[in-house]
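Observations on the three-dimensional arrangement
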There are 2 protein chains.
Amino acid sequence: MNLKQLSLMLELSQTTVSRALNGYPEVSEETRRRVTDAAKRHGYRPNPSARRLATGKAGMIGYVMPTGASVDIDPHFVEFLSGLGDYARGHELDLVLSPADAQDEETTYRRIVANKQVDALYISAPYNADKRVALAHQLGIPFIVHGRSEGLDFDYPFIDIDNEGAFHDATRLLVQLGHKRVALINGDDTQTFAIFRERGVRRALAESGLVLEPKNIRSEIMTEENGYRAARRLLEGPEAPTAIVCSSLLMALGIVRAARDLNLSMPRDLSLVSHDDVFHWLKPEHFSVPLTTTRSSIRAAGARVAERLAARISGLEDGARGEVWPVDLVVRGSISGAR
Amino acid sequence: MNLKQLSLMLELSQTTVSRALNGYPEVSEETRRRVTDAAKRHGYRPNPSARRLATGKAGMIGYVMPTGASVDIDPHFVEFLSGLGDYARGHELDLVLSPADAQDEETTYRRIVANKQVDALYISAPYNADKRVALAHQLGIPFIVHGRSEGLDFDYPFIDIDNEGAFHDATRLLVQLGHKRVALINGDDTQTFAIFRERGVRRALAESGLVLEPKNIRSEIMTEENGYRAARRLLEGPEAPTAIVCSSLLMALGIVRAARDLNLSMPRDLSLVSHDDVFHWLKPEHFSVPLTTTRSSIRAAGARVAERLAARISGLEDGARGEVWPVDLVVRGSISGAR
DNA sequence: GCGGCAATCCAAAGCGCTTTGAAATGCCGT
DNA sequence: ACGGCATTTCAAAGCGCTTTGGATTGCCGC
C-alpha cells in the first residue's frame, strides 16, 4: 500500500493525501479525517527511503562507534542504550551504529553525514578540543555531546553531570572526616570527565591546605584489573593514602580486592568513595562493605539525549544549551574517620 | 557530486556509469577504468537513499532492542558490539538499533521489515519456539540467530556455543573431584542457553548416578545481586552443595561475596566454576581466588555474526547452516577435591 | 452580478539511483 | 557490399515520496 494507491482509492491527489498525513494546513479538517482514517484502516505507512530521498531527512540518529582490535566498548554504553530506548521506543526513533576505526573516525563521520544517513549525531566521552565535536559543528549536522569538551572556540549543546562538584564534595567529606592523604584512581585522563573529577578533588583538598600528590593519582581505563593494580601500588608504598576516591564501580571492585589482599579492612584502614553510573548488574550497596558513592544514572542521561536529539531534528530545539546535572552523594559504610 | 553530474562530465549516460561502478559486464574495460578513475577523483559516492529506493537494499543490518522501564540491556551486549565492529568496520556495514517495547517486539519487527530499513536481522538470546525467529522466517528477511531455539518447525541459520557440552564437562570435572552435591546458578531459564546448560549439568551428574536436586538449581537474571542471593540460599540450607556451577562472572562475583560472608573459603569449602563470556573489564583470573571457567568469547561470535550476515545480504550464503562453537574449560584455583 | 480573496485541491517536477528495452557500433564471414 | 551477431552504449521509465506553482471552488462585499 503506497501513496498512489491510497490517493487513488480516496479519489484525491497524492499531494493532498501527503499533506493531510503530514499535518499541513491547506487541507480541510474533513478531508484530513477521511485520509487519516483510510490510512490507518489500510495500514498505510510511508516508505522511509522515498521520504528520505525527497526530504533528505532520515528519521534516525547516529553514533560513530570507535572500534579496533585493542579497543573495547565500554560497558557503560549499555546503560546509555537502555536510556535511549526509554525515550526512543515510543517515538519510532532508531539509532544507527557506524563502527569506525578508532584511529580514523573522521572518515566515518564524513560518510554518514554526506550520505544523509542520519539526522543528528550523538557524541560521547569527549576529549578536550574534541575533533569529532569540531567536525560535527563544521559539517553542520545537529548533534549533542554527552559530556563536555573544553578548548573549542564555539558553543555546542551538551548534557553532562557535575563531575567536578561530585568529586569535590566526596573529597571534602573525606577531609572533614580527618583524612589527610587522599588518593584518586581515575579513568582515562585524556577524557574530560576525568579531568573535571581530578579538578574537583584538588579543589577540595586545596580548601583545607592539602594537595593531591602526583604519586596519589592514577589514571587508567576503568576495569577491575586496573583498579586492583592502582590500589596495590598506592597502598603498598610509604605514606599510603587513608582514603581513595575512584571513578567507577569496576575499579572499586579491584580496589576492594587489593585491600583484602593487603589485609586492610574497610573502612577502618581505608575509606573508599566511588562514582556510580548506576548499573543494574552491579550495585554499590551490595559490595561486601557497602560503598559510599557519587551517583548519577547514565541511563537517565541517555533518555534525555534521545529526547533532545529528537527535538533538534524536528526543529523544536536549537542553540547551544548545555545541561549540567547535579550528582548525588550517597553515604554508606565504606568511609569513616581517619585513624 | 551525483550520478548525473558525473555522467555529464564523462560524456556517458547514467546507465553506463552506474553499470561501470557496479561491476556489470556489459561495459568495456576501458570505460570502466575511465569511470572509476573519475569517480574516485571527484569523490563521488552514490546516495544511499536513492539507491535504496531503487533497489530496496539498505546496506544495514538491524537489531530490535527490547526495552522498557524494568528492562535492562545485558552488559554482554557491548561485547557483541565490539565483535560486530571488528568485522563491520572495514565493510561500511552499519547496525541499526530499533528500540521496541519488550512486550511487543512484533510491531517493530514488522515495521523495519516493511520499511526495508535493513537487509538482514540479528536475533539474540532466543527462547524456545522463539516468536521473533518464526516471524523473521515468515517475513522472509535474512537473519541469523545468536543462540538456538528448539521447537521450531523449520531450520534457520544460527551461531551458538556448545553450552551443554561446556557445562557437562565442567560438572564432570567436579564430580571426578569427588563432589556429590553440585548446584547450578543459572541465567533466565526461559532462554535456551540456560536450558542447554542445565541439560549439560544433569547429564554429567547422571553419568555418575547423581541428580541435580530441585533445591540445587537457581535461575535468575545474571547480576551480582542475584548471584549473591542464590548462593546464600543454597549455602545456608542443610546439605549445602560443595560445588557450584554458574552462568556468568557477574553472578560469580555475588557467589564469592556470599561465600565470604558465610566464612566459607574457596576452594576448600566450596568449589566454583563459572561461564566466562570474556569481558575486558572483569576477568576470572583476577578474582581473589582465580576462577575456573568455561570460556567463549562473545566478541568473536559478534564478528562472525556480522560476517555471515554480510554474506547472506550479498547472496554468498544461504540455507540454514548452524554453527556450534566448542567451549574452553580453563582450570584455575577455584576448584579442588571435595572434603 | 461580479471582482477579489481564502480555502482547497491538484498535476507535475523533482530527489538520485537502477534497470529495461532498444539503438548504435564494430567486426565477421560470405 | 551486406546480413548477422556481439559488444557497447543510451534514453526513459520506474522506485514512493514531497513540494512548487497553479487551478478550482466557494463566499464575501459592493
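Keep in mind the model is a prediction, meaning the values are calculated, not measured. (Residues numbered from 1 in each chain as written. Chains lettered and ligands numbered in written order. Predicted model: local features only at pLDDT ≥ 70, side-chain atom pairs only at ≥ 80, totals over all residues. Heavy atoms only, no water.)

**Let's talk about the overall build of chain A**
The following threshold applies: Strands here mean DSSP runs of E at least two residues long; helices mean DSSP runs of H or I at least four residues long; both are numbered from the N terminus. For every residue, the accessible area obtained with a 1.4 Å probe (protein chains only) is divided by the maximum for its type, and the residue is called buried under 20%, exposed over 50%, and partly exposed between those limits. Should any heavy atoms of two residues lie within 4.5 Å, those residues are considered in contact. Methods summary: accessible areas were calculated by the Shrake-Rupley approach with a probe of 1.4 Å, and residue burial reflects only the protein chains presented. In this tally, Lys and Arg are treated as positive and Asp and Glu as negative; His is ignored, and so are the chain termini. Charge coordinates come from a single atom per side chain, which is NZ of Lys, CZ of Arg, CG of Asp or CD of Glu.
Counting its secondary structure elements, chain A contains twelve helices and twelve strands. When its C-alpha atoms are laid out on the principal axes, chain A stretches across 85 × 35 × 35 Å. Split into buried and exposed, the 339 residues of chain A put 56% on the buried side. For chain A, restricting intrachain contacts to residue pairs at least 6 apart in sequence, the fraction spanning at least 24 positions comes to 67%. Taken as a whole, chain A presents about 14200 Å² of accessible surface, with 49% of it coming from carbon and sulfur. Chain A carries 42 positive and 44 negative side-chain charges, and their two centres are separated by 3 Å.

**Things to note about the domain arrangement of chain A**
All names here are of chain A. Applicable threshold: The split into domains, and so the bounds of each, comes from an automatic or database assignment of domains. Throughout, the accessible surface (probe 1.4 Å) given up by two parts as they are put together, summed over both, is called the buried area. Each reported salt bridge corresponds to a side-chain nitrogen of Lys or Arg within 4 Å of a carboxyl oxygen of Asp or Glu. As a working rule, the residues Ala, Val, Leu, Ile, Met, Phe, Trp, Tyr, Cys and Pro are called nonpolar, Asp, Glu, Lys and Arg charged, and the rest polar, with Gly in that last group.
Under the domain assignment, chain A is made up of domain 1 (3-46), domain 2 (60-161 + 300-325) and domain 3 (163-296). Using only C-alpha atoms to locate each centre, domain 2 and domain 3 end up separated by 29 Å. Between domain 2 and domain 3, the residue contacts involve 13 residues of the former and 19 residues of the latter. Regarding the contact of domain 2 and domain 3, the summed buried area is about 1300 Å², with carbon and sulfur atoms giving 52% of it. On inspection of domain 2 and its partner domain 3, the count reaches one salt bridge. Here Arg199 and Glu150 are joined by a salt bridge, their closest N and O atoms 2.9 Å apart. Elements with a contribution of two residues or more to the side of domain 2 that touches domain 3: helix H5 (76-88) and strand S5 (158-161). Tallied by class, residues from the side of domain 2 that touches domain 3 come to five nonpolar, three polar and five charged.

**What to know about the protein's contact with DNA strand C**
Note the threshold: Any residue with a heavy atom positioned within 4 Å of a molecule or strand is treated as near that molecule or strand. By the criterion applied in these results, polar contacts are pairs of N or O atoms within 3.5 Å in which, for protein atoms, one can donate a hydrogen and the other can accept it, and in which residues neighboring in sequence qualify only through two side-chain atoms.
In the vicinity of DNA strand C lie 28 residues, with A:Thr15, A:Arg19, B:Leu3, B:Arg19 and B:Tyr24 positioned nearest. Considering DNA strand C, the proportion of its atoms within 4 Å of the protein that are sugar or phosphate atoms stands at 59%. Between A:Thr31 and DNA strand C, the recorded distance is 2.8 Å, taken from a side-chain N or O atom to a phosphate oxygen. At 2.7 Å from a phosphate oxygen of DNA strand C is found a side-chain nitrogen or oxygen belonging to B:Ser18. Secondary-structure elements contributing two or more residues to the surface near DNA strand C are helix H2 (14-21) and helix H4 (48-55) of chain A together with helix H2 (14-21) and helix H4 (48-55) of chain B. Here the surface near DNA strand C is composed, by residue class, of ten nonpolar, twelve polar and six charged.

**A short note on empty space enclosed by the protein**
Take a probe with the size of a water molecule and roll it over the atoms, and the empty space left behind shows itself. In plain terms, the rule: Detection works on a 1 Å grid of protein atoms alone, calling trapped sets that fit a 1.4 Å probe cavities and calling open sets with protein on both sides within 12 Å along at least five of seven lines pockets, with lining residues defined by an atom within 4 Å of a point. Grid points are joined across faces, edges and corners, and a volume is the space filled by probe spheres set on the points.
Tallied over the full model, the rule gives one cavity of 30 Å³ or more. There is about 230 Å³ of room inside the largest cavity. At the level of elements, helix H11 (249-261) of chain A together with helix H11 (249-261) of chain B are the ones that each hand at least two residues to the lining of the largest cavity.

**Side note on the pairing of strand S8 (residues 243-246) of chain B**
All names here are of chain B. What counts, and what does not: The pairing criterion for strands is at least two bridges between them, as found by DSSP.
Side chains Ala243 and Val245 project from S8 onto one buried face, and the interleaved Ile244 and Cys246 project onto a second face that is buried too. In the sheet, strand S6 (residues 182-186) pairs with S8 via four bridges, with the strands oriented parallel. From the neighbouring strand, Val182 faces S8, where its bridge partner is Ala243. Here S8 runs beside strand S9 (residues 271-276); their pairing, made up of four bridges, is parallel. Within S9, the position partnered with Val245 by the bridge is Val273.

**Here's the deal with the relation of the copies chain A and chain B**
Our working rule: Copy-to-copy alignment: least squares on C-alpha atoms, limited to residues at pLDDT 70 or above in both.
Mapping chain A onto chain B is achieved by rotating through 180 degrees and translating by 0.1 Å along the same axis, at an RMSD of 0.2 Å. With respect to symmetry, the two chain copies, as superposed, fit the operation of a two-fold axis. Proximity to the rotation axis, assessed at the C-alpha, singles out A:Val96 in chain A; its C-alpha lies 2.1 Å from the axis. A high fraction, 100%, of the interface residues of chain A reappear at the interface in chain B, so the copies pair face to face through one surface.

**Things to note about the sheet that holds strand S7 (residues 217-219) of chain A**
All names here are of chain A. Short version of the rule: Angular values range over 0 to 180 degrees, each being the angle between N-to-C directions of two axes fitted as lines to C-alpha atoms, with helices fitted over their stretch in contact.
Strands sit in the order S7-S6-S8-S9-S10-S12 across an open sheet of six strands; the sheet is mixed. On the outer flanks of this sheet lie S7 and strand S12 (328-330), each paired with one strand and no other. Strand after strand, the sheet turns through a mean of 15 degrees between neighbouring axes, direction not considered. Strand contacts of helix H9 (residues 192-207): strand S6 (182-186), S7 and strand S9 (271-276), with the helix running at about 175 degrees to S6, the strand carrying the most contacts.

**Notes on the protein's contact with DNA strand D**
Neighbouring DNA strand D are 28 residues; A:Leu3, A:Arg19, A:Tyr24, B:Thr15 and B:Glu26 lie closest to it. Expressed as a percentage, the sugar and phosphate content of the atoms of DNA strand D within 4 Å of the protein is 59%. With respect to DNA strand D, the side chain of A:Asn22 contributes an N or O atom lying 3.1 Å from a phosphate oxygen. At 3.0 Å from a phosphate oxygen of DNA strand D is found a side-chain nitrogen or oxygen belonging to B:Thr16. Elements with a contribution of two residues or more to the surface near DNA strand D: H2 and H4 of chain A together with H2 and H4 of chain B. Looking at the surface near DNA strand D residue by residue, the classes come out as ten nonpolar, twelve polar and six charged.

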